[in-house]
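# Coordinate analysis (summary)
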Amino acid sequence: MEHTLSIIKPDAFAKKHVGEILSRFESNGLTIVAAKVKHLTKDEAEEFYAVHKDRAFFNDLVSFMISGPVMVQVLAGEDAIKKNREVMGDTDPQKAASGTIRADFAENIDANAVHGSDGPETAKTEIDYFFNPDEIISI
Ligand code: ADP
Ligand code: MG
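This section reports on the structure supplied with the text. The residue numbering used here restarts from 1 in each chain and proceeds along that chain's sequence as written. Think of it this way: whatever chain is written first is A, whatever ligand is written first is 1, and the rest follow in order. Thresholds applied to this predicted model are a pLDDT of at least 70 for local features of residues and 80 or more for the giving and counting of side-chain atom pairs; totals over whole chains, interfaces and linings are not thresholded and use all residues. Each side-chain value is derived from all of the structure's non-hydrogen atoms; neither hydrogens nor water enter the calculation.

Turning our eyes to something else, we now look at the overall build of the protein chain. Strands are runs of DSSP state E lasting at least 2 residues, helices are runs of H or I lasting at least 4, and numbering of each runs from the N terminus. Looking only at helices and strands, one finds 7 helices and 4 strands in the protein chain. Taken from the N to the C terminus, the helices and strands of the protein chain come in the order β-α-α-β-α-α-β-α-α-β-α. Two things to know: the radius of gyration comes from C-alpha atoms, and the globule rule equals 2.2 Å times the number of residues to the power 0.38. In terms of overall size, the protein chain behaves like a compact globule, its C-alpha atoms giving a radius of gyration of 14 Å where 139 residues would be expected to give roughly 14 Å. Across its three principal directions, the C-alpha atoms of the protein chain cover 40 × 35 × 25 Å. For every residue, the accessible area (1.4 Å probe, protein chains only) is compared with the maximum for its type, and the residue is labelled buried under 20%, exposed over 50%, or partly exposed between those bounds. Residues counted as buried form 45% of the 139 residues belonging to the protein chain. Note on contacts: a residue pair is in contact if any heavy atoms of the two residues lie within 4.5 Å. Excluding contacts between residues fewer than 6 apart, the proportion of contacts in the protein chain whose partners are at least 24 apart in sequence is 76%. Of the roughly 7,400 Å² of accessible surface on the protein chain, a fraction of 49% belongs to carbon and sulfur atoms. In this count, Lys and Arg are taken as positive residues and Asp and Glu as negative ones, while His and the chain termini are left out. Think of each charge as sitting on NZ of Lys, CZ of Arg, CG of Asp or CD of Glu. Taken together, the 15 basic and 24 acidic charged side chains of the protein chain have centroids lying 2 Å from each other. Here the open area of atoms and residues is found with the Shrake-Rupley method and a 1.4 Å probe, where only the protein chains shown may cover a residue.

Written out as structure tokens, the structure reads:
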């Protein structure tokens, strides 16, 4: 059983795709073991995406992530990190395989509907960033 952090980004939240996106996780064998709706502050978004701070898109990414509420969730399942990345699709929705969340709900690489941890270490750091252990159910 593995855990991963997922965020439904401001574009998908504003377009009321939360229910459909959560349904994609569940129908692909992932279980939502923690969740909250949150409007990130600039400091929070900058800290969360600190790994990208030297990239040209960093300021645009932070501005986008604080442009509206998001839903943050912990997903659990066998191979959850890789499974979630598959269900999400490529970072660029133009390249995302059909049937993936980004192919179906994202407009462009800036507003691409979801975030998902990319490995075991980032999953742990990102989950700890948003949730206390007692907010995550055991399954
Ligand atoms: P992913 O979200 O698929 O893990 P990255 O970690 O590489 O992708 O990038 C984090 C986020 O930064 C992306 O989801 C996207 O919103 C944004 N981003 C990445 N690359 C670009 C780019 N070339 N131009 C604009 N935004 C980008
Ligand atoms: Mg990433």
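After that view of the structure, there is still more to cover.
Moving on to the side chain of Ser 6. Counting through the fold element by element, Ser 6 comes out in strand 1 (residues 2–8). The class of Ser 6 is buried, set by a relative accessible area of 0%.

Moving on, we come to the nonpolar core. Generally speaking, soluble globular proteins have nonpolar side chains that are buried together. Side-chain atoms within 4.5 Å link the members of a nonpolar core, which is a set of buried Ala, Val, Leu, Ile, Met, Phe, Trp, Tyr and Cys residues. The biggest cluster of nonpolar side chains holds 21 residues, and the ones touching the most others in it are Leu 5, Ile 7, Met 65, Val 72, Val 74, Phe 130 and Phe 131. Those elements that place two or more of their residues in this core are strand 1, strand 2 (31–38), helix 3 (42–48), helix 4 (58–65), strand 3 (70–77) and helix 7 (120–130). Considering every element that reaches this core, the biggest residue donor is helix 4, with 5 residues. Residue contacts for Val 72: discarding those within four places in its chain leaves Leu 5, Ser 6, Ile 7, Ala 34, Ala 35, Lys 36, Phe 130 and Phe 131. Listed in part, the 17 residues of the second largest apolar core include Ile 21, Phe 25, Ala 113 and Val 114.

For helix 5 (residues 80–88), every residue scored as buried is listed here: Ala 80, Ile 81, Asn 84, Val 87 and Met 88. For helix 5, the buried positions fall inside an angular range of 130° around the axis, keeping them on one side. In the core, the buried residues of helix 5 are packed alongside strand 1, helix 2 (18–27), strand 3, helix 6 (101–105), strand 4 (114–116) and helix 7. Backbone geometry just downstream of helix 5 places Gly 89 in the positive-phi region, at approximately 90°. Think of the arc as the fan of directions from the helix axis to the C-beta atoms.

The local shell around ligand 1 consists of Lys 9, His 52, Phe 57, Leu 61, Arg 85, Thr 91, Arg 102, Ile 109, Asp 110 and Asn 112. In protein, a polar contact requires one atom able to donate a hydrogen and another able to accept it; more generally it is a pair of N or O atoms within 3.5 Å, and residues adjacent in sequence count only if both atoms are side-chain atoms. Arg 102 is positioned with one of its side-chain polar atoms (N or O) 3.0 Å from an oxygen atom of ligand 1. The contact in question runs from an oxygen atom of ligand 1 to an N or O atom on the backbone of Ile 109, over 3.1 Å. Looking at the shell around ligand 1 residue by residue, the class counts come to 3 nonpolar, 3 polar and 4 charged. Proximity is defined per residue: if any heavy atom of the residue lies within 4 Å of a molecule or strand, that residue is considered near it. Ten residues, namely Ala, Val, Leu, Ile, Met, Phe, Trp, Tyr, Cys and Pro, are considered nonpolar, four, namely Asp, Glu, Lys and Arg, are considered charged, and the remaining ones, Gly among them, are considered polar.

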